[in-house]
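# What the coordinates show
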Amino acid sequence: MTEFRGIGGLALQGELMGHPDDPAIVLLEHPQQSPDFWRDLCVALVKAGRQVVRIAHGEASSALKRRGTDAYTTETLRAILSQLPMRPVLLAAGDHAAAAISAVSQDGALLATGLVLITPDIHPATEIATILESLPALIITTAQGASPHGIAHVAMGVPHAEAVEIGAGEPLTAAECLDAFSAVLIDFLERRLPRSTPEYRLGSDARTLRDALGCFATGVTILTARDSAGQPVGLTANSFTSVSLDPPLLLACIARSSASSEVFRSSAHFAVNVLHIGQQPASIRFSRRDEDRFGATPWEPGLNGTPVLTGSLATFECARHDVHEGGDHIILMGQVERARFEPRRDPLLYFRGKYRRLHFS
């Protein structure tokens, strides 16, 4: 058994089953299905190579009722998900579905990898659509479930959602229902959230390599300089790192295909502007062509007239130290002449191709 802490110190007991390195699935159990159903489902999932985090309805219900509520709250579920060592699939049955949807409706991809709803008690069904746009989702109803056709209609209109009705033809025994349900669930997990690890090898699809590199979370920067006519130029880059403190050196990588790569190659000075969470619009603006980048972004001249974005999380004003060729990028090294930073803001992050924010559990 393990203990999860909810909002306000609420303690919820959970049971972990399976290997800790296997992909996790969190079960929000409900008496709509029998205890035997949940136990046998856990066994089937573990045999299929999934780690099960079992939040039993009876144990959770007692703790929640002491706090004056009969169901999981959005905040409690988000707290549970944030305490897990990996992002799980969240499976919610019956009237737990509404809280599950709400828990992952904002930045859901930071907390879960998928959502499974069993005979969800959701009215109207269209409430589901907004969250299913960002997570792979499966809606399972039974012949006795609530509004299966309505929920299936919603799922058809959302690219990442699937809906399956079990037992529509003739009544199923408990064993047949479990077998059918397990088959549908495991098939969904293997297709949409497979256990196999993607692999890149030299000469294979470069997209796989890019996805692997995207697993390294980075900050986001905007590099700035002036061209030969004295006009400010800038671009968004997340390939940035410190190199040395003595002497103070840093580097950034710039795609050779960038319209301003030659400006940075030849400029005697440049600046690195590290962005905070409020500067995501600037990051997008400086990543697109034909944008009025500096006209729509507050900036000021720094040392040697180098453009510096006002209010950035940190700025490093540099003299060009060296330039190296790096395949389809150039590696620009700079010696830091001045650095300033804002200690009261949080960084804008980039992870797996998306902007992120720090998540505090």
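Each chain has its residues counted from 1, following the order in which its sequence is written. Totals for whole chains, interfaces and linings use every residue, but because this is a predicted model, local features are given only for residues with pLDDT of at least 70 and side-chain atom pairs only at 80 or more, for both listing and counting. Values reported for side chains reflect all heavy atoms of the structure, with hydrogen atoms and water molecules removed beforehand.

## A short note on the pairing of strand 17 (residues 314–326)
Here is the key point about a regular strand: its side chains alternate between the two faces of the sheet. Paired strands, in this sense, are two strands between which DSSP finds at least two bridges. Helix and strand assignments follow DSSP, with helices taken as H or I runs no shorter than four residues and strands as E runs no shorter than two, numbered in order from the N terminus. In this structure, strand 14 (residues 269–274) lies alongside strand 17, joined through six bridges in antiparallel fashion. The residue bridging asparagine 273 from the neighbouring strand is threonine 315, located in strand 17. Between strand 17 and the antiparallel strand that follows it, strand 18 (residues 329–341), lie two residues; glycine 327 among them carries a positive phi value of about 65°.

## Describing the sheet that holds strand 10 (residues 221–226)
Here seven strands make up an open sheet; going across it, the order is 11-10-14-17-18-13-12 and the pairing antiparallel. Strand pairing shows two members of the sheet lacking a second neighbour, strand 11 (232–237) and strand 12 (240–245), which therefore form its edges. Strand-to-strand twist in this sheet, taken as the mean axis angle between neighbours without regard to direction, amounts to 30°. With seven bridges joining them, strand 13 (residues 248–255) and strand 18 adopt antiparallel strand pairing. Opposite leucine 250, over in strand 18, you have glycine 334 as the bridge partner. Note on geometry: axes are lines fitted to C-alpha atoms, helical ones only across the stretch in contact, with angles between N-to-C directions running from 0 to 180 degrees.

## Here's the deal with the nonpolar core
Among the nonpolar cores identified, the biggest contains 28 residues, and Val26, Leu28, Leu90 and Leu115 are the most heavily contacted of them. Within the residue set of this core, elements represented by two or more residues are strand 3 (24–28), strand 4 (51–55), helix 3 (74–82), strand 5 (89–93), helix 4 (97–103) and strand 6 (114–118). Here this core takes five residues from helix 4, the largest share from any one element. We call two residues contacting when some pair of their heavy atoms lies within 4.5 Å. Setting aside residues no more than four positions away along its own chain, leucine 28 makes contact with Trp38, Ile55, Tyr72, Leu77, Leu90, Leu91, Ala92, Ala93 and His96. Definition used in this section: a nonpolar core is a set of buried Ala, Val, Leu, Ile, Met, Phe, Trp, Tyr and Cys residues joined via side-chain atoms within 4.5 Å. Accessibility here uses a 1.4 Å probe with only protein chains present; expressed as a share of the type maximum, an area under 20% marks a residue as buried, one over 50% as exposed, and anything in between as partly exposed. One finds Ile25, Trp38, Leu91 and Leu189 within the second-largest nonpolar core, a separate group that totals 23 residues.

## With respect to the packing of aromatic side chains
Classification of ring pairs uses Phe, Tyr and Trp, with its six-membered ring standing for Trp, and accepts pairs whose centres are within 6.5 Å; under 30 degrees between planes counts as stacked, over 60 as edge-to-face, and the remaining range as tilted. Within the structure shown, the criterion is met by six aromatic pairs. A centroid spacing of 6.0 Å and a plane angle of 40° characterise the contact between phenylalanine 240 and phenylalanine 316, whose relative ring orientation is tilted. Taken together, the residues span a long stretch of sequence, with phenylalanine 240 in strand 12 and phenylalanine 316 in strand 17 at a distance of 76 residues. Judged by relative accessible area, which is 27%, phenylalanine 240 ranks as partly exposed. Classification of phenylalanine 316 by relative accessible area gives partly exposed; the value is 22%. Ring geometry for phenylalanine 286 and phenylalanine 294: centres 5.2 Å apart, planes at 85°, overall edge-to-face. With respect to class, phenylalanine 286 is no different from phenylalanine 294; both count as buried. Linked through ring pairs, Phe37, Trp38 and Phe181 together constitute an aromatic cluster.

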